[in-house]
Structure formats: C-alpha cells, structure tokens
Amino acid sequence: MVRSNLYRSFTGAAAIQIAKIYISRGCSVCSHSKQLHQLHFSSLKNLNKIITSKHSAISCNHCKTALKHSGVHARKMASVTPETRTINGKEYYTITEGKAEILFPSSNEVFYNPVQEFNRDLTVAAIGLHAEEYLSKSNIKVSYPGEKDGQSKTMDKSETTTKDTNTKSQEETANQAVKSKSPDQSSANGKSAKTEETKTVIVQPGEHCESGISILEGLSASGLRSIRFAKEVAGVKEVVANDFASEAVLSIKQNIEHNEAEHLVKPSHADAALLMYQHRAHNSRYDVIDLDPYGSPAQFLDSAVQSVKDGGMLCITCTDMAVLCGNHGETAYTKYGGLALHAKYGHEMALRIVLQSIQAHANRYHRYIEPLLSISVDFYVRFFIRVHTGQATVKKSASKHAMVYSCVNCETFHLQRLGVCIQNDRSIKYRPSVGPPMGQTCEHCGGRFQIGGPMWAEPLHNAEFVSNLLKTVQANPDRFKTSDRIIGLLTVVKEELVDCPLYYTQSRLCSVLHCSCPSLIQFRSAILHAGYQVSSSHASPEAFKTDAPSHVIWDIMRAWVKLNPVKQERLTDGNPATKILSQEPSIEVSFSPLPAANPPSRKFKLVRFPENPQKYWGPKARAKKSGGEPLANKRARLQGKRGQEGQLERDYKNYPCKKFKKGLCELGDDCRYTHDSTAPSEQVGTGDISTT
C-alpha cells in the first residue's frame, strides 16, 4: 500500500523537481551521498522498478518522506521565506537571488515576487548576450565562470587568440587594458594598422569595463535587478538604479553597499520618465533600459524610445493582462492604441498590441523597433527589443501593422494589413491596403466579425538572437536557477513559425463542434499531410500556429467528426456547429502520425509549461510603507466580506474620509469613515469602496 501511494505521489512534474534536488545536492539529512541519490533518481522513466526494488532508497525514511510529499516540496522550492540577519545592531530580512543578497527591514517595504526570478534570470542572460555582441566590435571578449570548455562564445570575427589567459599576470594586464582602452589606441604609436598585433581583452562579471554598456533600471524598488546586472553581466560600464519613492532609494543605497557594488551601480532618485527625457541627447543615451512596472508601462514608452542608443535594447514588462487580453479592450486602446479582443489567441495578441504601441512611439522620432524576443508567460508579457534609427525604414511601418477580424462564434480570424510596400528595382512605393479580406459574415458558421487592433503583424522574435541566447544558457546551465525553464521556453520559441500571426487552440475548435478532441500528434499530422506547416506556441500548451487557411482547419475538423460523430441533439438550428458540419470536406484528410508532428521540445520532455509553483503565485500587492498591515492578515480579514452582514460596516473605520480632508464632511461622528488624520493612507481602497 505504501509503495502504491509512493508511486502515485512520485509521478508528475513536482516529483521530477524534487528528484533534481537530491541529484544535485545529495541528502542533507540522511547519510546518503550525492552519487547514491543520483542512482536513486537518475532513471525517472523506470519509476515502478525503482520503487519496488529493495534498494536503500525505500529504506531511507527521509527519502521516502520527500518522495511521498514531493508535490509539497516542489512548490516550496519556488516560495522564498526571508531569513533574518542582524547588521550594525539592526535586524533585517534577507533575500538571496543569483549573486545578489537584498536587505530590507520589513517584509512589506520591498516589492519582491520569487516567481519573477525566471524573468530576472532571462533578462540577465539577454543583456549579457547584448553586451557580448556590443563588445565584439571593440575586440573585447566576455567570460563567465562555469562555462563549458569549447562552448564559450566569442562574438569577435578575428582569429586572434590569447594564450594562458587564466594566469594572474595576464588577467591583470587585461583588466588594465579595459580601463585604459580608447578608440585611438591602435594608432597611438604611429604604427600601421596592418602590422600592429591585435589583442583580445577578456572581461568578467563584476568588473568595470570602460568600453562597456550602460544600463538604466527605471523602476528599481529594492535594486535587486541592478545589482544582479552588475555582478552577473560581463562588460558593464555603469548601472543606474532609479526609483521615485524615497524609501526605495534608501533601500537601493543600502543594498548596493551590502553587495559591494558601488563601483558599478549608481542610485538615482527621480521620476523615471523625466530621467529618460533628460538623457535624449546622443552622447547621454543608455545602451539598455529595463522597465518592469507594477501594471502598465504605457507612460514610460515615449521617453524610453528616445533615451536608448541606436542599436540599444529595451527590456519591458507588462502585467496588466486583464486589459491586454480583451477583458477591457477599451482600456487597452487608451493605453496602447490598439483594441484587444477577448479570444483564445489573446496572449499573443497582447504581445502584438504592445509592440505596435512601442513602434508607434518610436516612429515619431524617425526610429523603429526590432523585436528580439517577445514572450507571454505566467501573469505578464516580456519584451526584448532593439531600437534603430532610419527614416526610410520608418515609412514601412504601416505595412507592419494589421487589423484583426475575428468571428464571434467560431473565432476564425483574418488579418488586414494597414499598408502595402511595393518595391521595384529603382523605387519603393507605399500604398494603403485594399480590403476587407472576407465578407460581412463568416464563411464557415455565418457569424459576425469583431474588429481588433491595430497590432504588430511581423515576427515576434529574432531567430538568430534566440538561437544565440539558447546556446549561451546551454553552455552554462548552472549560471541560473531557472535554466531548465529558460531552455525549454527558448526551444519552443525557436520552433514557432515566424510568419504566422496568432494561433488556434484545439479545445476551442472542438468546443464549437461539440466533439471529442484529437490528440496533438493526430491533429498536427493532419495539417502536415495537407501540405502546410504547423508549430506549437509558447503562449499556450494547446495552441498551434499554421500557415494553413481557415477552410483547411475546418475541413480537418469535419473529417474528425466523421470518425467521431457528434450527438444529433447538439446540432440544433442556429448552432454554429450545424452549419459548419453541413459542408463536406474539400480535401483528403489523414490522421496517421508523422514523426515531424512531435516537436523536439515535447519529444525530449523539456520544461515548457510548468505547473503553478506555489499558492498565491500571481502578481503581488504593491510595496507598503513600514508598519502597514501584512498581506496575509489583510487577506484573512477581507475573506468573504461580501457574504457576512455588517462586515464592511466594521471595516469602514479603517479608511480615512476624503470629504473630511477637504473640509466638506458634515456627518461628524456619524460618518462611516474615520476622521482621524493619522489613519494610514496606504489602506485606502482602489475603487471597491466609495467615499461618503
């Protein structure tokens, strides 16, 4: 009985995660070594054989407990419980992530979400690759501890190599060369460039590189990202950690000093938009700007596209997914200039609406964007974008944007480009597009169309950048705690079809027809048999992207229903399924499996769509000032408040009266809100409770 329960508890992603703990660390409680635990868990495919064997893995009580409760242990891996430390007689909470250790006096004062460690790891890797490409132009090579031999990437195109670069004397020479390097160094002695020997300089994380990149983190909060950039990215000249809150700036200064990063990280107390506007001049722009706000970055986009260097990188996060996924389409239009539709492909449409907005801001200043990597994960979307300057390319922007026509019944979508770029041998002509691409009603189900957009209709990623980033992480997997997920995500991104905007989902197609769902391999094989391409999407585990027209997709579904009939009572008059199934397939459909239908990311069981790591894993509440009510207590106090009579009345006294502050409240003690001027302002509601 114990073995049966153990087997069931050991299946799933959670068990694999806990097994990896013991493989990498060994058992810290029992006497089993790392090698012995590796023997226990190395063959995860033969779980039954491992569990039913008489190996000491079963006799070890600690291991048995870990396996039995593997799901709980795996979820706890992602939850970070702050430790306490006394520094200069004052007690602090500490959070360690990467090579940075963050101090804060209260768990409410600093905005920290452990689930976002994946975001920060990916950002460190992307900025590191950008710095590597940037420094290669100056014949500077970056090096990271732990890189596998022969896999350290060199971006410079020269064949020059340095011998014995690991010796102490040459490291000191290289560091000095970085600090004193200037553009005129090659001709300082008056020698010809052809006869002068080219030297390759090596820089490592944590070192100051005078020819390196400058980074601005506009909304730094605790300074965690900035400190990680300084300590984990090679080739950094300066990192500016900015925040508008004075409490946050004090925390940033404290953490910079605690991590001994004063030579690279500079604190800044300013409005992020204003600070970027002050650096619009060509000689003061930043190489990289990272914006990770609480909610929408819309108010920072105009200043960001002006203050980044030509060829520089923007790293932007949006967490207002309810707006971007169509729940509040009108709000998406006011913030980003695009109307979001509520559909299954909403997460990719969110990416494209934000890219369209950034492009529109950049076009005003004769600049345009090149998306390097655009992803929708967890509860946010993240962008890595390169900004260029060029008036001729800016004219092509209309042809890069499109409107979306989506059927309200079956969600069949059509794209209509806003403009057309016609290029001849001698000239380029720009014309408005001609449309719409379909009739007034859906050709498949007869439904009406909703109009969304405009949105970005070009590729979401740069294939070369994604490939190089994947190689970088694979070459040094121990560099990041979330390397497995980064490798899985980038592999799926690499598999995506680049010229097929938006996607379908099998569950939605089957829901329209009220039929059972074919397997992933069967459906993808049917598309391949029809002569079209198909791929998965990183935005959804059940999504597929294809260049097949919509009538081919529905023909495949009609053929599937012929093999798996739908109950007739479901096919009522006026039902979209009735009209769709009333037509015969116009192509021959085969569901026989093809090897190409199984993508490598799925075949090799990479971490693609991990389970929710912990309870309350989504967006955290805003950081609160010291002395505020703990988030857990507030949740407990407000749980079920609408179902308990009188509960809200008792809570009203915790909120200040806005009319009293203006001298307009005439209720005195009868007012349901407090007239105490010392009431904490951070407890004021956000619209759920109205004023008197």
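A brief structural summary. Predicted model only: the values in this text are computed from it and were never measured.

To continue, consider the overall build of the protein. Counting its regular elements, the protein contains 28 helices and 20 strands. Counting all 692 residues of the protein, 48% fall into the buried class. Sequence separation of 24 or more characterises 68% of the internal contacts of the protein that already satisfy a separation of 6 or more. As presented, the protein carries roughly 34,900 Å² of accessible surface, and 49% of it is formed by carbon and sulfur atoms.

Attention now goes to the pattern of salt bridges. Scanning the entire structure with this criterion turns up 19 salt bridges. We note a salt bridge from E133 to R386, for which the minimum N-O separation is 3.1 Å. Pair noted here: E133 is in helix α8 (residues 117-136) and R386 is in strand β12 (residues 380-389), with a separation of 253 residues, a long-range link. R386 matches E133 in its accessibility class, with the two residues each being buried. A salt bridge links D555 to R558; its shortest N-O distance comes to 2.5 Å. In this pair, D555 and R558 both sit in helix α23 (residues 550-563), three residues apart, roughly one turn of the helix. Via salt bridges that share partners, E97, R120, D121, R228 and E232 belong to a single interconnected network.

So, about the sheet that holds strand β10 (residues 308-318). Two strands in a sheet stick together by hydrogen bonds in their backbones, pointing the same way (parallel) or opposite ways (antiparallel). Taken together, seven strands build an open sheet; the order of strands is β8-β7-β6-β9-β10-β12-β11 and the sheet is mixed. A strand with exactly one partner marks an edge of an open sheet, and here the two such strands are β8 (265-269) and β11 (367-377). Averaged over all pairs of adjacent strands, the angle between their axes in this sheet comes to 20 degrees, without regard to strand direction. Inspection of the sheet shows strand β9 (residues 286-291) paired to β10 by five bridges, in the parallel sense. The partner of V288 across the bridge, within β10, is M313. On the sheet, helix α10 (residues 224-232) packs against β6 (208-217), β7 (236-243), β8, β9 and β12 and is oriented at approximately 175 degrees with respect to β7.

This next bit is on helix α16 (residues 346-363). The first and last C-alpha atoms of α16 sit 25 Å apart over 18 residues, in line with the 26 Å expected at 1.5 Å per residue. With respect to burial, α16 is a largely interior element, 16 of its 18 residues being buried.

We now examine helix α19 (residues 463-475). Between its first and last C-alpha, α19 extends 18 Å over 13 residues, near the 18 Å set by a 1.5 Å rise per residue. On its buried side, α19 packs onto α8, β10, β11, β12 and α20 (483-495). The backbone nitrogen of E464 lies 3.1 Å from a side-chain oxygen of the residue at the head of α19, namely N462.

In this section: the sheet that holds strand β19 (residues 534-537). The strand order across the open sheet formed by three strands is β18-β20-β19, and the pairing between neighbours is antiparallel. Looking at the sheet topology across the chains shown, the edges are occupied by β18 (504-505) and β19. In this sheet, strand β20 (residues 540-546) lies alongside β18 in antiparallel orientation, the contact comprising two bridges. Bridging from a neighbouring strand, Y504 pairs with F544 of β20. Lying over the sheet, helix α22 (residues 520-529) contacts β19 and β20, oriented at roughly 145 degrees with respect to β19.

What follows is about the side chain of E411. Relative to the helices and strands, E411 is located in the loop between β13 (401-407) and β14 (413-417). Of note is the side chain of E411, whose polar atom sits 3.3 Å from the backbone nitrogen of K344. When residues no more than four places from it in sequence are discounted, the contact partners of E411 are H342, A343, K344, Y345, S406, Y504 and R508.

Going through the model one piece at a time under the given rule, you end up with six aromatic pairs. Ring geometry for F413 and Y504: centres 4.8 Å apart, planes at 25 degrees, overall stacked. Of the two residues, F413 sits in strand β14 while Y504 sits in strand β18, which places them 91 residues apart along the sequence. Comparing F413 with Y504 shows no difference in burial state: the two are buried. Consider the rings of F523 and F544, whose centres lie 4.9 Å apart with planes at 55 degrees: the pair is tilted. Placement of F523 in helix α22 and of F544 in strand β20 is noted, with a sequence separation of 21 residues between them. Just as F523 is buried, F544 falls in that class too. Ring pairs connect the aromatic residues Y345, F413, Y504, F523 and F544, which therefore count as one cluster. Here the guanidinium or amino end of R479 rests over the ring plane of Y144, the centre of that ring lying 3.8 Å away. Above the ring of F118, the side-chain terminus of R485 is found at 4.3 Å from the ring centroid.

Once that is clear, we can look at the environment of V323. In this fold, V323 is placed in helix α14 (residues 321-324). For V323, a relative accessible area of 10% translates into the label buried. Sequence separation of V323 and A340 is 17 residues, and the distance between their C-alpha atoms is 7.7 Å. Setting aside residues no more than four positions away along its own chain, V323 makes contact with H328, T331, A332 and A340.

What follows deals with the side chain of R225. Note on placement: R225 falls in helix α10. Excluding its chain neighbours within four sequence positions, the residues that come into contact with R225 are N119, R120, T123, E217, D290, D292 and R382.

Turning to the environment of Y286, a few remarks are in order. When you line up the elements, Y286 lands in strand β9. Along the sequence, Y286 and D310 sit 24 residues apart, while their C-alpha atoms lie 9.4 Å from each other. In this structure Y286 touches S214, I215, L216, V240, L275, H279, S307, V308 and K309, once residues within four positions along its chain are discounted.

Right, let's talk about the pairing of β6 for a bit. Most of β6 is tucked away: eight of the ten residues are buried. In this sheet, β9 lies alongside β6 in parallel orientation, the contact comprising three bridges. Looking at the pairing, E217 lines up with D290 of β9.

So, how was this worked out
- Residues numbered from 1 in each chain as written.
- Predicted model: local features only at pLDDT ≥ 70, side-chain atom pairs only at ≥ 80, totals over all residues.
- Heavy atoms only, no water.
- Helix = DSSP H or I, 4+ residues; strand = E, 2+ residues; numbered from the N terminus.
- Buried < 20%, exposed > 50% of the residue type's maximum accessible area, 1.4 Å probe, protein only.
- Contact = heavy atoms within 4.5 Å.
- Areas by Shrake-Rupley, 256 points an atom, 1.4 Å probe, with all protein chains shown as cover.
- Salt bridge = Lys/Arg side-chain N within 4 Å of Asp/Glu carboxyl O.
- Pairing = 2+ DSSP bridges.
- Axes fitted to C-alpha atoms, helices over the stretch in contact; angles between N-to-C directions.
- Expected span 1.5 Å × (residues − 1).
- Polar contact = N/O pair within 3.5 Å; in protein donor to acceptor, adjacent residues only side chain to side chain.
- Phe/Tyr/Trp six-rings, centres within 6.5 Å; stacked < 30°, edge-to-face > 60°.
- Lys NZ or Arg CZ within 6 Å of the ring centre and 35° of its normal.

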